[in-house]
Amino acid sequence: MHTPIRRCLQALTRQSQPTLSLFKDPLSLRLLSSAALLNHNISSPLLPIFTNSKPTSAFGQWHHGRYFSSSKQDDHIKEGGTHEIEDEDDDSDGDDDDDDDDYDEEEGDYEDEDDDTVAVSSRKKVYTEEEKEAEAEAIGYKVVGPLQKNDNVFKPYEPAFAVVQIGSHQFKVSNGDSIFTERLKFCEVNDKLILNKVLLLGSPSQTIVGRPIVPDGAVHAVVEEHALDAKVIIFKKKRRKNYRRTKGHRQELTKLRITNIEGVEKPLNELVEKPSKSAKKEREKVAVSA
Amino acid sequence: MALRGVWQLKKLVVSFSDWGGSSRGIRAFMESHLPAFKEANPQLEVDTEMIRGQHPHLKAFYKNRNDRVVCVKNMDPEEILLHATRLRNALGRKVIKLRTRHVTKHPSVQGTWTTALKY
């Protein structure tokens, strides 16, 4: 019975600020704390977290329901005036909450998250507005463009690179590279993306350093696949204590193929990989100048 | 999945049994979700196969001559749709641990750094 409480405590401490914004009146706040106490036997030191913070600043901003639960349930979030006192609901796992917090705190609107780890039928959270999807993409530093329709997006190699950030990972990409990132939510296979968080652009003649982002830089990519990584087995053992746990985990990945880098001046002589007469001459020119 | 714009999944075979209880979900899937799935993926040939006495499964044949089999016994139609979508979204790569997250043929643009390089 300890794991639910521990998770709840972690979630509570992590989200003490946002959860307060739920409640406009102190009555519901007290109800929350009392209900929380009843449900989870949370020790008194946690109460000060609720009471000491400034209610007025946090309230009214963010009506996202993050509740204390060991089981993953639908998070019902109400817009506007009516705040259901959903303190009896329990919190989802901390990982999901962190992702949602990033999305919601900035927008001040409600969102529902898709969750593939639990059975699909029980979790139907739909992003109701496409604008929210666009904003969420911006947080993840990607903009979805239209699907491909006979575009010639796959150009031959151009000697230019960019350092692009997706989520928390940064990659040094060039034309024609493949990147494996964490699963990007709002894009299907064969979608065009524009990665707009570009930190550095480079080419044989020019280098542009962003502070921290290059505002005009853009990297075009195409989603190649959404796949699961190989299974890793998480094995925990404490010796001589009769404790052994095995857990399997498959990470969801997205493979992106980088198609174009914009914002740098690329050399006019194109490097052709296949040997041909014109290509050989160009290669000699490039070798001489470099 | 699409490698450079080319879909990699060629064929999806939906095998089921009309008698067994483990095929109940896939039978419901074939009625409810399969037509929509077929229409959403016109490039894919979807076959249904009846195998009596065996559990139901989805077989996926990829362009790199690789095939993947997913057993869908006792699953809900929504879960089966999820698996079918996953098969469609994946390349036919062997499922092994990734070596690097960045695959490139041209690692250096401005020249590889050496100790002798002077700026």
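Remember, it's a predicted structure, so these values are computed and weren't measured experimentally.

About the thresholds
Residues numbered from 1 in each chain as written. Chains lettered and ligands numbered in written order. Predicted model: local features only at pLDDT ≥ 70, side-chain atom pairs only at ≥ 80, totals over all residues. Heavy atoms only, no water. Salt bridge = Lys/Arg side-chain N within 4 Å of Asp/Glu carboxyl O. Helix = DSSP H or I, 4+ residues; strand = E, 2+ residues; numbered from the N terminus. Buried < 20%, exposed > 50% of the residue type's maximum accessible area, 1.4 Å probe, protein only. Core = buried A, V, L, I, M, F, W, Y, C linked by side-chain atoms within 4.5 Å. Contact = heavy atoms within 4.5 Å.

**Topic: the pattern of salt bridges**
Across all of its chains, the model carries ten salt bridges over all chains by this definition. With a closest N to O distance of 3.2 Å, glutamate 252 of chain A and arginine 183 of chain A form a salt bridge. On the criterion of sequence distance, the pair formed by glutamate 252 of chain A in strand E11 (residues 252–262) and arginine 183 of chain A in the loop between strand E4 (178–182) and strand E5 (191–195) is long-range, its members being 69 residues apart. Judged by its relative accessible area of 29%, arginine 183 of chain A falls in the partly exposed class. A salt bridge links glutamate 252 of chain A to arginine 86 of chain B, with the nearest nitrogen and oxygen atoms 3.9 Å apart. Placement of the pair is glutamate 252 of chain A in strand E11 and arginine 86 of chain B in helix H3 (residues 77–89), with the two residues belonging to separate chains. Assessed through its relative accessible area of 23%, arginine 86 of chain B is described here as partly exposed. Three or more residues are tied together by salt bridges with common partners; here these are Arg183 and Glu252 of chain A together with Arg86 of chain B.

**Considerations on the nonpolar core**
Across soluble globular proteins, nonpolar side chains have a tendency to be buried as a group. Residues and elements named next belong to chain B. In terms of nonpolar packing, the biggest core is built from 22 residues, with Leu12, Ile26 and Leu58 touching the most fellow members. Contributing elements (two or more residues each) for this core: strand E3 (9–16), helix H1 (24–32), helix H2 (34–40), strand E5 (57–62) and H3. No other element matches the four residues that E3 contributes to this core. Not counting chain neighbours up to four residues away, the residues in contact with leucine 12 comprise Phe37, Leu44, Glu45, Val46, Asp47, Lys59, Ala60, Ala84 and Leu87.

Function-wise, these values are silent; they only describe arrangement.
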